[in-house]
Amino acid sequence: MTEKTYTKTGWNFDNSYARLPGLFYTHLSPTPVQSPKLVIFNSMLAASLGLNVQELQSQAGAEVFAGNQIPEGALPLAQAYAGHQFGHFTMLGDGRALLLGEQVNPQGKRFDIQLKGSGPTPYSRQGDGRAALGPMLREYIISEAMAALGIPTTRSLAVVTTGKPVFRETVQPGAVLTRVADSHLRVGTFQYAAQWGTTEELRALADYALQRHFPDVRLDRNRYLALLQAVIKHQAALIARWQLVGFIHGVMNTDNMTISGETIDYGPCAFMDTYDPATVFSSIDRKGRYAYGNQPYIAGWNLTRFAETLLPLLHDNEEQAVQLAQDELAHFGDWYQEQWLMGMRAKLGIANQEEQDKALIQDLLGMMMKYGADYTNTFLALTFEQQTDTVLFGHPEFAEWYEAWQARLKRQPQTQAGAQQLMKDSNPAIIPRNHQVEAALESAVQKEDYCVLERLLAVLAKPYAHSPEQQAYAAPSEPSEQPYRTFCGT
Ligand code: AMP
Ligand code: MG
């Protein structure tokens, strides 16, 4: 690769996606906005990308993050993709987002820089191409919380307000989010290629995905099978991480599932309070397709759609291609279970393996469900031996379980302190609780006061610190008559 000079702002763009066949995108500039104002900026992330923090914190940054100024070297485009939305296949694409290009950081790592809310595109369908401030700040908070929890995710670099309202159920301030991702390749990108591209275009996409995300598997005998396997493995690990912290994505359509294994598209997502696998927050998910407990199955379903797109590349003989894909997909359940079990053991301070661990874990979860226990706080209480004040902890059934757990902890070489450290490192002191997120958004959107949001971001940034100021954020919301509902906010 040729040496590149960084611009004053630190931009160092390459545009490898734009070198794919033209089928995959439409070149397009963002629609300028009236009066861009930077309302939040992620200086740590900016620094890690090699960007000049001071320069971008000024009005010059607001102009870039609003799409009014195209940074040097960027080549904006809307990406084409398809997807199964709630089980129905449809053509989609970036309807309100544009990829500016890929920032190559000083370590040589490549990141997509995307503006979300940047104006209409050929893929907008009926939409206005814009985004509202509340949902963009929500994506900022939750994606950054996920990153701090150590869960693979797209990141949020900045939010600007546009000065122009958007019309949803209510009139809201318009905003643009700058999203950073390992890439925006989705299962839906492959579905688009399989449906409307030639085999050669599909192959170009698959080779690109391999090169970008799994460069080590390129020399394998059947590299497309290796691609399938890598994506299945990464997704199994990702979904296990979601389950372990009680994260509910809310809209696991195939266009919202990445090839890289990053969490993407924070729409109606939310964290579960009371443990219940049937938990659904999204107002549009009436049948609970994307409920907490269904997420692993849906991931498997989505991966099957992914495997289908690769069939022409897996083998010349269709039957054999199907067999290869099926054999690979069959591992998903085991890989997921393995990751989940490992994470659950750690949450209980268990560092070695015993056959009965799964039953021990399931017994606890069963009781949490039965006695309406808060998911995050139950594990916290166990970590700090503060089993007081809840129906669960007062129950004789729990006392029995507790004894079995303590006996289990003694059957490992770790000391008690070692087990507790493992629990501290595996059980977050804080998750973005729905009422805390809402309070931060309300203050920002209604009063243009970002203090609540900044304070929330600060405590969410170190979820395993277990610091005193985090305690104020640990309480679940007061039970209310209306269950918490989230909206796509598009
Ligand atoms: P999402 O639910 O955010 O995954 O979006 C699904 C599809 O709808 C994507 O193709 C988006 O680009 C598109 N979309 C969502 N909101 C809008 C909007 N306001 N204007 C145009 N397209 C949109
Ligand atoms: Mg999406």
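Just so we're clear, the structure is a prediction, and the values are computed from it rather than from any experiment.

Colleague: Please explain helix 9 (residues 318-329) as it appears in this structure.
Modeller: Taking 1.5 Å of rise per residue, 12 residues should cover 16 Å, and helix 9 covers 16 Å from first to last C-alpha, within 8% of that figure. Among all positions in helix 9, only Ala321, Ala325, Glu328 and Leu329 are buried. The buried residues of helix 9 occupy an angular sector of 100° when projected down its axis, which confines them to one face. In this structure, the buried residues of helix 9 make contact with helix 7 (223-245), helix 8 (295-314) and helix 10 (332-347). Measuring from the side-chain oxygen of the N-cap residue of helix 9 to the backbone nitrogen of Glu319 gives 2.8 Å; that N-cap residue is Asn317.

Colleague: Help me understand the nonpolar core, please; the structure alone is not making it clear to me.
Modeller: Soluble globular proteins: nonpolar side chains tend toward being buried together. Of all hydrophobic cores here, the largest spans 124 residues; its most connected members are Leu137, Ile141, Val159, Phe190, Leu227 and Ile259. It is helix 7 that contributes the most residues to this core, 15 residues altogether. Structurally, this core is a two-domain feature, drawing no fewer than three residues from each of domain 1 (13-181) and domain 2 (187-339). Excluding residues that lie within four positions of it along the chain, Phe190 makes contacts with Leu202, Leu205, Ala206, Ala209, Leu227, Ile259, Phe306, Thr309 and Leu310. Among the nonpolar cores identified, the runner-up in size contains 23 residues, and Phe13, Leu56, Ala62 and Ala158 belong to it.

Colleague: Would you explain the pattern of salt bridges in this entry?
Modeller: Considering all chains together, one arrives at 25 salt bridges under this definition. One network of salt bridges, in which partners are shared, links Asp14, Arg19, Glu102, Arg110, Asp112 and Arg212.

Colleague: Help me understand the site of ligand 1 in this model?
Modeller: In the vicinity of ligand 1, 18 residues are found, and the nearest of them are Gly93, Gly95, Arg125, Asp128 and Gly129. A distance of 2.9 Å separates a nitrogen atom of ligand 1 from a polar atom in the backbone of Gly129. Between an oxygen atom of ligand 1 and a side-chain N or O atom of Asn256, the distance comes to 3.1 Å. Considered class by class, the residues forming the shell around ligand 1 number 2 nonpolar, 8 polar and 8 charged. A domain split of the shell around ligand 1 shows at least three residues from each of domain 1 (13-181) and domain 2 (187-339).

Colleague: How should empty space enclosed by the protein be read in this particular structure?
Modeller: The probe, sized like a water molecule, is rolled over the atoms to show the empty space still left. Going through the model one piece at a time under the given rule, you end up with 1 cavity of 30 Å³ or more. Considered as a void within the structure, the largest cavity measures approximately 60 Å³ in volume. Trp242, His249, Met252, Asn256 and Met257 are the residues nearest the centre of the largest cavity, which is lined by 13 residues in total. Element by element, the count of residues in the lining of the largest cavity is highest for helix 7, at 3 residues. For the lining of the largest cavity, the residue count by class is 6 nonpolar, 6 polar and 1 charged.

Colleague: Explanation requested: the side chain of Arg138 in the structure shown.
Modeller: Inspection of the secondary structure assignment puts Arg138 in helix 4 (residues 133-148). The side chain of Arg138 is buried and forms no salt bridge, while Glu438, the nearest opposite charge, is found at 4.1 Å. Apart from the residues within four sequence positions on either side, Arg138 is in contact with Gly267, Pro268, Cys269, Ala270, Val437, Glu438, Leu441, Tyr484 and Thr486.

Colleague: Got a minute to help me understand the environment of Met367 in this structure?
Modeller: Mapped onto the elements, Met367 comes out in helix 11 (residues 357-370). Ignoring anything within four residues of it in the chain, the contact list for Met367 reads Leu392, Glu397, Phe398 and Trp401.

Colleague: What is the right way to look at the coordination of the magnesium ion (ligand 2) in this model?
Modeller: In a perfect tetrahedron of four donors around a metal, the angles come out at 109.5 degrees. In a perfect octahedron of six, they are 90 or 180 degrees. Taken together, Asn256 (OD1) and Asp265 (OD) make up the protein donors of the magnesium ion (ligand 2), found 1.8 to 2.2 Å from the metal. The exposure classification of Asn256 matches that of Asp265, with both residues buried.

Colleague: Can you walk me through the domain arrangement of the protein chain in this structure?
Modeller: Accessible area lost during the coming together of the parts is what is often quoted as the interface size. Split into domains, the protein chain comes out as domain 1 (13-181) and domain 2 (187-339). For domain 1 versus domain 2, the distance between C-alpha centres works out to 23 Å. With 35 residues of domain 1 at the interface, the matching set in domain 2 holds 39 residues. Broken down residue by residue, the surface that domain 1 buries against domain 2 is led by Leu23, His84 and Phe86, which jointly contribute 21%. The interface formed by domain 1 and domain 2 includes 4 salt bridges. For Asp265, the salt bridge identified is with Arg179, shortest N-O distance 3.0 Å. On inspection of domain 1 and its partner domain 2, the count reaches 18 residue pairs in polar contact (both at pLDDT 80 or more). Among the secondary structure elements, those contributing two or more residues to the side of domain 1 that touches domain 2 are strand 5 (82-85), strand 6 (88-91), strand 8 (110-116), helix 4 and strand 11 (171-181). Broken down by class, the residue content of the side of domain 1 that touches domain 2 amounts to 19 nonpolar, 9 polar and 7 charged.

What counts and what doesn't
Residues numbered from 1 in each chain as written. Chains lettered and ligands numbered in written order. Predicted model: local features only at pLDDT ≥ 70, side-chain atom pairs only at ≥ 80, totals over all residues. Heavy atoms only, no water. Helix = DSSP H or I, 4+ residues; strand = E, 2+ residues; numbered from the N terminus. Expected span 1.5 Å × (residues − 1). Buried < 20%, exposed > 50% of the residue type's maximum accessible area, 1.4 Å probe, protein only. Arc of directions from axis to C-beta. Contact = heavy atoms within 4.5 Å. Polar contact = N/O pair within 3.5 Å; in protein donor to acceptor, adjacent residues only side chain to side chain. Core = buried A, V, L, I, M, F, W, Y, C linked by side-chain atoms within 4.5 Å. Domains from an automatic or database assignment. Salt bridge = Lys/Arg side-chain N within 4 Å of Asp/Glu carboxyl O. Near = heavy atom within 4 Å. Nonpolar A, V, L, I, M, F, W, Y, C, P; charged D, E, K, R; others polar. 1 Å grid on protein atoms, 1.4 Å probe; cavity = no way out; pocket = protein on both sides within 12 Å on 5 of 7 lines; lining within 4 Å. Points joined across faces, edges and corners; volume = space filled by probe spheres on them. Lys, Arg positive; Asp, Glu negative; His and termini not counted. Donors = N, O, S within 2.8 Å, 3.2 Å for Na, K, Ca; no water. Buried area = accessible area lost by both parts, 1.4 Å probe.

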